[in-house]
Amino acid sequence: MADNNIIGKILVVSSDTGLADIVGDAVRGSLEVIHASDEEQGLKIARKDIPDIIALGYIEPQGTAFELHRRLRQGWITRDIPLLVVDLNPQDPTKRVLSMEEGLQVEADDYISLSDKDERAAVAQLAGPIDRLRDRLQSRLKERANTVREVILDPATFCITWEQIPGRGAFEMQQEELIENARRASEGGKIHAVSVTDNPGGNPAISTEILCTEVKKLGIEPLVHLAFRDKNRNQCESLLYGLAALGVRNLLMLTGDYPSSGGFMGRSKPVFDLDSVQGLQLVEMMNAGMEHEAMRRKVTLSPTDFFTGAAVSPFKQQEAELMGQYYKLKKKIEAGAKFIITQVGYDARKLHELIQWLRVNGYDIPALVNIYTLPYGAAKTMNANQIPGCVVTDKLVGELAKEREAKDKGRSARLDRAAKTYAMAKGMGYAGAHIGGHGMTYEMVEYIINKGEELSSNWQDLVAEFDFPQKNGSYLFQKDPATGLNLDKPAARNAKGTHPPIYLFARLAHATLFNPDSIVFKAFKPIVKFADTSPALKTIFESFEHINKVAFFSCMNCGDCGLFDVAFLCPMSQCPKNQRNGPCGGSYEGWCEVNPDKKCVWVRAYERLKGHNEEDSIGDYIVPPCNWELTGTSSWLNFYLGRDHSAKRLGIEPPQPAQPADKAGASKEPQKSKQA
């Protein structure tokens, strides 16, 4: 049978190689057969390869099979693997797998005694138990299948996720309602995943990973929001491996809202050690089997199976903000995002713009529309930018004000608006809908789905109802007057570039001192190398650099400088979220989410770069997270000596150690072979 018909692996542990041959014939090519001849080898393979079935035969010396069974059943990795006990020589008491007393204690999934000495008869006899376990394996594989991945990637299915917002505390009604909603969603069959937010609004709440494991127990896939606001990279990795061990695989990687002032005794310290792009890279490495060094040797960890998505806000007003979102989305896709979910907004052209951008740039990645059922109170809050990233215009607030005068306070109107968004998104080419809203019941979600499906055949008739442009708002593409949506022709980018003197000076200094191809760089490198070996010179160098960079760039002395990446603006001191790969989604009309009296650092970077027609360079490469091992050291030395991320990106190698000299004083060189 062809390899593509193999559905799993069966590990045969037996001192008798004949059992592996019989099992191989009995599985009829549907399982890959692996053989181990003793206890330690069997345990090692079971833990490393994680087979789908284990066939346990007689192992020398007698009693070893019982001990292996105990270790398999108690093992973190192996405890759930189905176990088949096979007696190949039941007539010989010295060759039995288990004694009678041991057999009474064993929790095997099946047992068979191959009493017939004829091999063909033994194969036929073994086929029954193998088939039963194989059927169970098929069921387990079906249960283990990531239905969210399958549905999102299936063009014929419109994926539905329902967002739930956990609250503070362990035994509050908000948690009870979340679990009840997940149960209703599982029973209803129309919702493919329950999405659980991670400390929304920067407020502390019960942990999303705990709730998502409970959601999974209810028979529906959870979608974990992972925000990098509160976690450093080590904790992220720990949390992710914990989720993998519990079978929670669907992730939405987010920067996260800035911490609120509602934490224990005030605002918590923001972390933002990773951004969403770097978080996606981390998961990709984990999925491939992460390598690390332990005891001076490389170790490869077992691969995970995460399905990761990212968010984007196509509703930004200014050109710099909008382009920043798409530059960063490009990096997210390159870093490993497998699907996209939009931020909250109600402009049909902006919704269509994302789909158009993906098509024009050749990105075959599914996108889900964020459908928030919008009451008047929430609309006023979003309109005042009190929920960063969500865009509700004055015109829409006015319509909601009229709708709330109805007897139902506008409830039916907002559900219909959500259903119309669903229909439009499906018609535009979205892969699904991410439905949310305060106080949403399962019946409301079901109404949106059913009504949305009903309206989807005439979705273009609904576009005019979602004409909510922002004042002086920028668009990526030219408007299509026939549909009210977008053509595939880029719109003009009319924003002005800036030329601040400090930026011009920094560009000149970079071209002279920090360009690996410049004569000055090559001449200066030996001097820097010597300074790095002298503690006194090193201190002088570090102090001189720090004083100048604090004065000109508000330097934080991180040692792994990000000035080159953000148009000579420091992402550590001038971005509260330390974003090195592009803007977060929280800016409002160009102003920072956290410090609304300051321009977003990435808006300023765009304007500087546009003054030199280099704005598209923002999306050119992914910037790694800051290497905190370099904190407090000279970033100039680190760059010249190949230690920081910019040096590595540009191919600057660390200086090679000097070759030891021989007795005559000449440096030793490797001897050339006679053939050279």
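Predicted model, so just to flag it, every value in this text is computed and none were measured.

Section: the overall build of the chain
Scanning the chain for helices and strands turns up 22 helices and 17 strands. The principal-axis extents of the C-alpha atoms in the chain amount to approximately 100 × 90 × 55 Å. The 676 residues of the chain split such that 48% are buried. Nonlocal contacts in the chain, meaning residues at least 24 apart in sequence, comprise 72% of its contacts between residues at least 6 apart. When the accessible surface of the chain is totalled, it reaches about 33,000 Å², and 53% of it is carbon and sulfur.

Focus on the environment of D461
One can find D461 in the loop between α16 (442-455) and β16 (477-479). Sequence spacing of D461 and K420 is 41 residues, and the spatial spacing of their C-alpha atoms is 9.9 Å.

Topic: helix α14 (residues 394-403)
Because an α-helix completes one turn every 3.6 residues, residues spaced three or four positions apart along the sequence face the same direction. All buried positions along α14 are accounted for by L396, V397, L400 and E403. End-on view of α14: buried residues confined to an arc of 115 degrees, all on one side of the axis. Set apart from the buried face of α14 by more than 90 degrees, the exposed residues are D394 and K402.

Notes on the packing of helix α2 (residues 39-49) against helix α3 (residues 64-74)
Where α2 meets α3, the axes come as close as 10 Å, and the angle between the chain directions of the two elements is 20 degrees. It follows that α2 is roughly parallel to α3 by the angle criterion. The handedness of the crossing between α2 and α3 is right-handed. Between α2, through E39, E40, L43 and A46, and α3, the contact on the second element is made entirely by T64, E67, L68, R71 and L72. Along the lines of polarity and charge, the residues of the contact of α2 with α3 split into 4 nonpolar, 1 polar and 4 charged.

Brief notes about α2
Among all positions in α2, only E39, G42, L43, I45 and A46 are buried. Down the axis, α2 shows its buried residues gathered within 165 degrees of arc, on one side only. In α2, those exposed residues whose orientation departs by more than 90 degrees from the buried face are K44 and K48. Where α2 is buried, its residues meet β1 (8-13), β2 (31-36), β3 (53-56) and α3. For α2, the side-chain oxygen to backbone nitrogen distance between the N-cap and E40 is 3.3 Å, and the N-cap itself is D38. Phi turns positive, to about 45 degrees, at I50, one or two residues after α2.

Section: the pattern of salt bridges
Counted under the stated rule, the structure contains 33 salt bridges. A network of salt bridges, in which partner residues are shared, links E39, E40 and R71.

Quick word on the nonpolar core
Generally speaking, nonpolar side chains in soluble globular proteins are found buried as a group. Within the largest apolar cluster, 101 residues are counted, with the highest numbers of intra-cluster contacts made by I191, I340, L354, M424, Y430 and I435. It is helix α11 (residues 319-335) that contributes the most residues to this core, 8 residues altogether. Every residue in contact with I191, bar those within four places of it in the chain, is listed here: I160, W162, A185, I220, Y442, V445 and I449. In terms of nonpolar packing, the next biggest core, distinct from the first, is built from 21 residues, L56, F66, L72 and L83 among them.

Quick notes on the state of the cysteines
Scanning the model with the defined rule gives 0 disulfides in all. Unpaired in terms of disulfides, C575 finds its nearest cysteine sulfur in C584, a separation of 6.4 Å.

Let's talk about the pairing of strand β6 (residues 159-164)
Most of β6 is tucked away, with 6 of its 6 residues classed as buried. Here β6 shows two buried faces, one formed by C159, T161 and E163 and the other by I160, W162 and Q164. In this structure, β6 lies alongside strand β7 (residues 193-196), joined through 4 bridges in parallel fashion. Note on β7: the bridge partner recorded for T161 is A193. Chirality of the crossover, the property in question, places the unit of β6, helix α7 (residues 173-188) and β7 among those that are right-handed.

About the cut-offs
Residues numbered from 1 in each chain as written. Predicted model: local features only at pLDDT ≥ 70, side-chain atom pairs only at ≥ 80, totals over all residues. Heavy atoms only, no water. Helix = DSSP H or I, 4+ residues; strand = E, 2+ residues; numbered from the N terminus. Buried < 20%, exposed > 50% of the residue type's maximum accessible area, 1.4 Å probe, protein only. Contact = heavy atoms within 4.5 Å. Areas by Shrake-Rupley, 256 points an atom, 1.4 Å probe, with all protein chains shown as cover. Arc of directions from axis to C-beta. Axes fitted to C-alpha atoms, helices over the stretch in contact; angles between N-to-C directions. Parallel < 35°, antiparallel > 145°, perpendicular 65-115°, else oblique. Left-handed = near helix turned anticlockwise from the far one by under 90°. Nonpolar A, V, L, I, M, F, W, Y, C, P; charged D, E, K, R; others polar. Polar contact = N/O pair within 3.5 Å; in protein donor to acceptor, adjacent residues only side chain to side chain. Salt bridge = Lys/Arg side-chain N within 4 Å of Asp/Glu carboxyl O. Core = buried A, V, L, I, M, F, W, Y, C linked by side-chain atoms within 4.5 Å. Disulfide = S-S within 2.5 Å. Pairing = 2+ DSSP bridges. Right-handed = clockwise from strand over helix to strand, strands pointing away.

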